[in-house]
Each structure stands twice: as structure tokens, then as C-alpha cells.
Amino acid sequence: MSSMSDNTNTSKITPPNSALEIQGLTVSYGDKTAIFSVDANFPKASMSAIIGPNGAGKSTLLKSVIGVQPKLSGQINIFGNPIKNNLKKIAYVPQRVSVDWDFPTNVMDVVQMGLYRQVGLLGRMRGKQTSIAMECLDRVGMADLWQQQIGQLSGGQQQRVFLARALAQDAEIYLLDEPFSGVDAATERAIIDVLKSLKSKNKSVIAVHHDLATVRDYFDYVLMINIKNIAEGLINETFTNENLQSTYGGKLELAHAEELSVSIDRTTT
Amino acid sequence: MNTFVQAMLFQAGYNVALVTIGAILLGVAAGSAGTFLFLRKRALVSDAIAHATLPGVGIAFIIMTWLGGDGRSILGLLCGSAITALVGLIIIEWIPRRTRLPEDAAIGSVLGVFFGAGIVLLTVIQTMSSGRQAGLESFLLGSTAGMLFEDAVVIAIGGFLSILGIWIARRPLTIVAFDKDYAISMGYDIRKIDLLMMGLVLGVTVIGMKLVGLILIVAMLIIPAVTARFWSNRTDEVVIIAGFLGGLSGYMGAILSASAPSLPTGPIIVLIAILLFIVSLFLAPNRGVFSIFMQYRKTKSNIHRRQGLLTIAKGKDVVSPFTKKLLLNEGLQGLDGLTSKGKELITKIHIDENRWIAAKEIYPDKDMSKNYGIKFIEEILTMDELTNLDQYIKSQKFKSRSYDY
């Protein structure tokens, strides 16, 4: 294993402020390449967006970081160490649509899933765990609904419960897969507030993001990919019309690209 | 009938008591293990591995006879069946991972191939000169006639172990069934957890072969779980209820077939489980067919009543025959226009309409729109919120009033 990764560029030294570092990550579905040799270096205590057109491999990137999608090659480090034994520093918020919401469980049960590792196999959920879960629900504005059957939640509420579950893990890095997709405006505001508070506590937030209009407002670092790396860096330097054009290609109309720093082109998403 | 009462009280003889206790334990173990199978959407996999036990029974019998032992030793047969079932399971898992074939094709192939091979082996065994082969075919549909104390002990130990396994692994099993990707991100090894689940199912299948038979064991795994889902919205409760219903089916089935010796125990147990399922399907609160139908009727009437009255209030004619009939039947409209009761309700609806508009303005974060037209807003908001809302409506700030009253 180590001899294999030697031919890739592992010799690079991780900068001290790196939260999640990806080197030469390649993933394929059968004989279709999903992402090819992607490098990224998401900084600590910041909010990073992963953007790119449909099918660019954004979700695949997240999934292969946490091991849901096996990688063909590549090295993933967390705070300079291999991810393998550091998974507990990561909290993952999957896409809402990835689960069956008719599953027999309620809001409190779902949030407590974030504490399973802490409690262990045989440990019991005690008052302490319940109050941690309640606190996390409160942070996303869902404390009132702790007994609700999950099938009765709206899309925005489902997303908040998933975020609360990740908060319960008390991780260092939060990976979110399209947290704002299909949620109401109030939920979007609530989620972004929570994410910003995480950043202020020196946590690192990395989100796959669809809405180009809000990239500048929400994030301070961006990775732009389309199967391969296109650009990466601080928003001000990287989120430029030129880079957007090369990420989205013909899908992004030029007229809109001119003003994309402030506006939105939904036809590209 | 007398035998029935005796059987109920475990007084109908040694064999009947053994069978009854075995059936209860098997039912509890199958019901609770089956719940995770059902939640993980793996019901058909268990059917395939149950069928894949048959060649193992045949091979074990042949080997044990060749070695000069008793070919029908229960432990030997169970080991053999567990081995071929495991091979079947591995193949089912391997085919979709390594080829482009979907899982259902793998399940179908394994079921057919293994079961066919098993039947061939049983036929060969019938022609063998040595060994006491009679009774092997009872593994297909179960048989209680020759149940020994040894068999009951195997069921008791196996049942206890699988229940213990379920209890210990309940959290990993639940999280993998609900959100596989999230479980992986927390570091759970889902292949191990799935293997454990299938191992528990395999254990139940193997111990249940003697009693229920391998063809029907999938019913014991799935039906109690599906039935229990009608009665609860919590995973833990579904597991417990499924175990209870499984045990109840086992008990009822065993005593029923004991009181009428021509009835086969295994299929009777399954039929009892199905009876419980049908009762739940129709009568369960919230999820039952009857409850869903009543809910639908109520919602439909609420919507038609409001829509109809608002239409009349605007001076237009109601077109829908259903609405017309509803308003007449409820005494809201007479032959010469609205009744006083109808007028009262219109005023109430107008107040409510304004409240909905205002609520959108002052409680934009509250997700209530799914109840609009079906419920009055006072059924959703707290007293404080309602008071607050009415003050807002009276104030100058509220501009979007659409009804005066």
C-alpha cells in the first residue's frame, strides 16, 4: 500500500493549517471515471465550498473521503495524519434523499445516533446523552420536535435533524453534501448560522454547494472541480469568472458569468 | 376441544409440550431477527439462504452415513445446512459486487440452483441402501412428529443466542439499516454488521428447519416484523413487538396443530402469523388501511366543506356534486341557501383565512402550509401564538386582509 502511494505526490508536506488534505484522488464507477487525480487542501477553521456542474464528482469526492465510495488511488490526510484511524474527527451530513424517511424512528433517536460511538456497544443512553442531543436540536431550532416521527418532518426539518446528529458527534471537520438543497429559506438561514458558529469555534466546514449566488456570502475557501481539479483557493482570488467558465464550460452563459460574483444562474445547476 | 385446552396449558403430553416451547422460542428469535432483515430490505436474501440449506442437509447425511454414524444426527445436519447456506450467502453478495448482474438476479439464481441441487441429493439418498433416510424430507416443510428433546435443546440454545446477539448489536444494526453511508462515516464496518445480521438469520433458519421447514422459515422472519411495524414507530419497539407476535404465532400454531393431529405445525404457525398480519393491516391505528381511509375521508370532507363555503360566500355556485351533497348532509346549506349554521361557519372560516395569511407574515419559520385548508389554525398554534396572531391582525401592520367580518 505504501509503495503504491509513493509514486503519487505524498512527499508534499502538509501545511500546518490544513484540516483535510486530498492527494491524487481517483474514483471510478465501473469503467467511468467519476473524479481523476483530484488534489485539495481545505484549511482549518474555515468554511469551504466544493462546486462544479452536475456529474463533476462533488458528492463522490466527499463519499470517498469517508470511505463510502472506494477509491482507486489517492491519499487522504486529516490534520496531517492518514484518515483511517481519525474518522472520529469527522462528522458527515449525507444528502437528505439518501435515506428512507419512513424508517421507524423519531427525531431524538436519529440525533442520538451521533452519540453511538461515544456510548459504545453496550453502554446505555443516559440523561447526559439525552441532554447533549437536546442541546444539538436546540442549536438547529428543532428542540420542540424531539418526539416527532421522522416521516412527518418537512424537507428543511429533515436537514436540520441530520445537522443536529452531526453536531452531537462533536467533531473537528464537518462534511456536508448539499445541505441547502430543497430546503426552505428559514432552514437555509438556520443552517448557515450553525455552520458559521462552528467556524468561530475553530471547526472546519466543507460543503458540496450548488447555488453559485451564495458562494461568496457563505464561504471563504473554494474547490472547483469538473472530474479534474479546476481551481482551488480563497474565494476572493479563486471564485472568478474565468475559473467559473472553465469549471462549467458552455453550461454557464457568458452574460451571466460577467456578473456571477453577485448573481445566480439556476439553469446551470 | 379438550386436547386444545390441555395443549394450551402444556398438559397434552411430553412431545406436544416440547414442540410448543420450541415453537415459541423460534417465533421470538425469528420475529426479532427478522425485523432488521425487513428494515435493511433484505427479506429475499433470507429466502434464498433458507433454500440453500437443503444441499447441506443432504451432503451431511451422506457423509455421516459413510462414516458409519447416524445420518440423522441433528447437529451434523445443522452444521451441513449452515455451511451450504453460507456459501449461498457469499455468492449472493459476490455476484452484484463483481458483475453487472443486479442483486435480485443473484438471489433468484442461488435459490434455484441450491434448492435444485438439494432435491437431487435427497432423491439420491432415497435410493441409498444404508442409513435410515426416512424423515429427511421433513426439513422442507417441517415436522413435529419425531421431535426429540435434543431438537428442542438446539432450538432453545440457538434461539437464546440469536436474541442475545440482536440485543448486543441493536445499535449497529439499526444505524446500518437506516443510514448506511452515515454508519460508514462513523467507522462502522458495514460488511461485518451485515454478515452478523445474516449470521443471526442463518442461525434462526437452521434451528427452525426442523419445526417450520426451510420453505416457510422466511415467513417467520418477515411477517411478524411487518406486522409489528403497523403498531409502532420506534425500532426498539418494533423488534420487541415482532418477537412477541412471533412467539404468539408459534404458541397458537403449536397448540392448534396438537389438538387436530392432521394439521401440519409449521404451516399452521405461519397461517397464524398471517392472520395477525391481516388484522393489523386493516385495524392498526395510523398505518392501518381502515385508519388511512378514515383519515382520507375526513381530509377530503374538510377541504370540500371549506372550498364550498368560500365559493358560496363569493356569490358563486358550487359545481362539485360531492361538495353539494356534503353541505346539504351537514345542514350547512338548505334548499333556499345557507342555513344559519352554514353562515356561522363561513364567518369562522373567514377569520381563519385571515389568520393563515397573517401567520405566514409573523411566523415565517413555522412550516404549516401542509395543514392549510384541512385544519383550523387554532388547532396548530399554541394559545400564546394565537393571541399574538390576533393582536397582529387587529393592528395597522397587517395589510393583506382578504376578508372583512
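Residues numbered from 1 in each chain as written. Chains lettered and ligands numbered in written order. Predicted model: local features only at pLDDT ≥ 70, side-chain atom pairs only at ≥ 80, totals over all residues. Heavy atoms only, no water.

**Side note on the overall build of chain B**
Move 1: Looking only at helices and strands, chain B features 18 helices and two strands.
Move 2: In terms of overall size, chain B is more extended than a compact globule, its C-alpha atoms giving a radius of gyration of 30 Å where 405 residues would be expected to give roughly 22 Å.
Move 3: Dimensions along the principal axes, computed over C-alpha positions, put chain B at roughly 100 × 55 × 35 Å.
Move 4: Relative to all contacts within chain B whose residues are 6 or more apart in sequence, the contacts with residues 24 or more apart total 68%.
Move 5: Accessible surface, chain B as shown: approximately 19,900 Å² in total, 66% of it carbon and sulfur.
Move 6: Positive and negative charge centroids in chain B, built from 38 and 29 side chains respectively, lie 3 Å apart. (Helix = DSSP H or I, 4+ residues; strand = E, 2+ residues; numbered from the N terminus. Rg over C-alpha atoms; globule rule 2.2 N^0.38 Å. Contact = heavy atoms within 4.5 Å. Areas by Shrake-Rupley, 256 points an atom, 1.4 Å probe, with all protein chains shown as cover. Lys, Arg positive; Asp, Glu negative; His and termini not counted. Charge placed at Lys NZ, Arg CZ, Asp CG, Glu CD.)

**Let's talk about the layout of surface pockets**
Move 1: Computed from the structure, the second largest pocket encloses a volume of approximately 1,500 Å³.
Move 2: Forming the boundary of the second largest pocket are 47 residues, of which Gln148(A), Gln152(A), Lys370(B), Asn371(B) and Lys375(B) lie nearest the centre.
Move 3: For the lining of the second largest pocket, the elements supplying multiple residues, two or more each, are helix H6 (155–168) of chain A together with helix H15 (289–313) and helix H17 (340–362) of chain B.
Move 4: Element by element, the count of residues in the lining of the second largest pocket is highest for H15(B), at eight residues.
Move 5: Here the residues of the lining of the second largest pocket sort into 13 nonpolar, 18 polar and 16 charged. (1 Å grid on protein atoms, 1.4 Å probe; cavity = no way out; pocket = protein on both sides within 12 Å on 5 of 7 lines; lining within 4 Å. Points joined across faces, edges and corners; volume = space filled by probe spheres on them. Nonpolar A, V, L, I, M, F, W, Y, C, P; charged D, E, K, R; others polar.)

**Side note on the packing of aromatic side chains**
Residue and element names in this part refer to chain B.
Move 1: Going through the model one piece at a time under the given rule, you end up with eight aromatic pairs over all chains.
Move 2: Ring centres of Phe 230 and Phe 277 lie 6.0 Å apart, and the angle between their planes is 55 degrees; this geometry places the pair in the tilted category. Placement of Phe 230 in the loop between helix H12 (217–229) and helix H13 (235–259) and of Phe 277 in helix H14 (residues 265–283) is noted, with a sequence separation of 47 residues between them.
Move 3: On the basis of relative accessibility, which here comes to 13%, the residue Phe 230 falls in the buried class.
Move 4: Of the residues examined, Phe 277 reaches a relative accessible area of 24% and is grouped as partly exposed.
Move 5: With 5.4 Å between their ring centres and 85 degrees between their planes, Trp 356 and Tyr 372 make a pair best called edge-to-face. Placement of Trp 356 in helix H17 and of Tyr 372 in the loop between H17 and helix H18 (383–394) is noted, with a sequence separation of 16 residues between them.
Move 6: Owing to a relative accessible area of 8%, Trp 356 belongs among the buried residues under this scheme.
Move 7: Tyr 372 gets classed as partly exposed once you look at its relative accessible area, which sits at 41%. (Phe/Tyr/Trp six-rings, centres within 6.5 Å; stacked < 30°, edge-to-face > 60°. Buried < 20%, exposed > 50% of the residue type's maximum accessible area, 1.4 Å probe, protein only.)

**Considering the interface of chain A and chain B**
Move 1: The partner chain B presents 30 residues to the 38 residues of chain A that form the contact.
Move 2: The junction of chain A with chain B conceals about 3,000 Å² of combined surface from both sides, 55% of it contributed by carbon and sulfur atoms.
Move 3: The interface formed by chain A and chain B holds five salt bridges in total.
Move 4: Asp102(A) is the partner of Arg229(B) in a salt bridge, and the nearest nitrogen-oxygen pair spans 3.7 Å.
Move 5: Listing elements by their share of the side of chain A that touches chain B, those giving two or more residues are helix H2 (58–66), helix H3 (107–113), helix H4 (116–119), H6 and helix H7 (185–200) of chain A.
Move 6: Classifying every residue of the side of chain A that touches chain B by side-chain character gives 18 nonpolar, eleven polar and nine charged. (Buried area = accessible area lost by both parts, 1.4 Å probe. Salt bridge = Lys/Arg side-chain N within 4 Å of Asp/Glu carboxyl O.)

**Overview of the confidence of the model for chain A**
Residues and elements named next belong to chain A.
Move 1: Chain-level pLDDT for chain A is 87 on average; 87% of the residues reach the 70-or-more range.
Move 2: In this model residues 1–12 is a low-confidence stretch, pLDDT under 50, and it forms eight contacts with partners more than four residues away in sequence or in other chains.
Move 3: Overall, residues 261–269 carries pLDDT values under 50, and its contacts beyond four positions in sequence, including any with other chains, amount to 17 contacts. (pLDDT = per-residue confidence, 0-100.)

**A closer look at the environment of Cys79(B)**
Move 1: Here Cys79(B) shows up in helix H5 (residues 74–98).
Move 2: With 23 residues separating them along the chain, Cys79(B) and Gly56(B) place their C-alpha atoms 7.8 Å apart.

**Side note on the sheet that holds strand E9 (residues 221–226) of chain A**
All names here are of chain A.
Move 1: Strand order in this open sheet of six strands is E6-E7-E8-E3-E9-E10, and the pairing throughout is mixed. Every other strand in the sheet has two partners, leaving strand E6 (90–93) and strand E10 (228–234) as the edge strands with one partner each. The average angle at which neighbouring strand axes cross in this sheet is 15 degrees, direction not considered.
Move 2: As paired strands, strand E7 (residues 173–177) and strand E8 (residues 204–208) are joined by five bridges and run parallel to one another. Paired with Tyr 174 across the bridge in E8 is Val 205. (Pairing = 2+ DSSP bridges. Axes fitted to C-alpha atoms, helices over the stretch in contact; angles between N-to-C directions.)

**So, unusual backbone geometry**
Move 1: You will see that Ile227(A), though not glycine, has its phi angle at about 65 degrees, which is positive.
Move 2: Position of Ile227(A) among the secondary structure elements: in the loop between E9 and E10.

**What about the pattern of salt bridges?**
Move 1: This model, assessed by the stated rule, comprises 18 salt bridges over all chains.
Move 2: The partner of Arg40(B) in a salt bridge is Asp194(B), with the nearest N and O atoms 2.8 Å apart. Linking Arg40(B) in the loop between helix H2 (14–39) and helix H3 (43–51) with Asp194(B) in helix H11 (residues 190–208), this pair joins segments that are 154 residues apart in sequence.
Move 3: Judged by relative accessible area, which is 12%, Arg40(B) ranks as buried.
Move 4: Between Asp181(B) and Lys180(B) there is a salt bridge, and its shortest N-O distance comes to 3.6 Å.
Move 5: The class of Asp181(B) is buried, set by a relative accessible area of 11%.
Move 6: Here Lys180(B) falls in the partly exposed class, since its relative accessible area comes to 33%.
Move 7: Taken together, the salt bridges that share partners define one network made up of Asp102(A), Arg229(B) and Arg287(B).

**A short note on the environment of Leu283(B)**
Move 1: Mapped onto the elements of the fold, Leu283(B) is located in helix H14.
Move 2: In the structure, Leu283(B) is positioned 109 residues away from Tyr392(B) in sequence and 44 Å away in space, judged by C-alpha atoms.

**Here we look at the confidence of the model for chain B**
Move 1: A residue-level look at chain B finds 97% of positions with pLDDT of 70 or above and a mean pLDDT of 89.
Move 2: Across chain B, H12(B) holds the top mean pLDDT of 96, while helix H1 (residues 2–8) of chain B sits lowest at 77.

**Some thoughts on a nonpolar patch on the surface**
Move 1: A cluster of nonpolar side chains, Leu121(A), Leu122(A), Tyr14(B), Phe149(B), Val153(B), Ile157(B), Phe160(B), Leu161(B), Leu164(B), Trp167(B) and Ile168(B), forms an exposed patch at the surface whose accessible area comes to about 1,100 Å².
Move 2: Here the nonpolar patch gets eight residues from one element, more than from any other, and that element is helix H8 (residues 149–168) of chain B.
Move 3: Summarising the element assignment, Ile157(B) is placed in helix H8. (Patch = residues over 30% accessible without salt bridge, like charges linked within 9 Å, V, L, I, M, F, W, Y side chains within 5 Å.)

**Description of the pairing of E6(A)**
All names here are of chain A.
Move 1: Both faces of E6 are covered, namely the face carrying Ile 90 and Tyr 92 and the face carrying Ala 91 and Val 93.
Move 2: Relative to E7, E6 is paired through four bridges, and the arrangement is parallel. Counterpart to Val 93 in the pairing with E7 is Leu 176.

**Thoughts on the packing of H5(B) against H8(B)**
All names here are of chain B.
Move 1: Look at H5 against H8: their axes get within 10 Å of each other, and the N-to-C directions meet at 40 degrees. Classified by the angle between their axes, H5 and H8 sit oblique to one another. Here H5 contributes Ile 74, Leu 75 and Leu 78 to the contact with H8, which in turn contributes Glu 150, Asp 151 and Val 154.
Move 2: Residues that form the contact of H5 with H8 fall into these classes: four nonpolar, no polar and two charged. (Parallel < 35°, antiparallel > 145°, perpendicular 65-115°, else oblique.)

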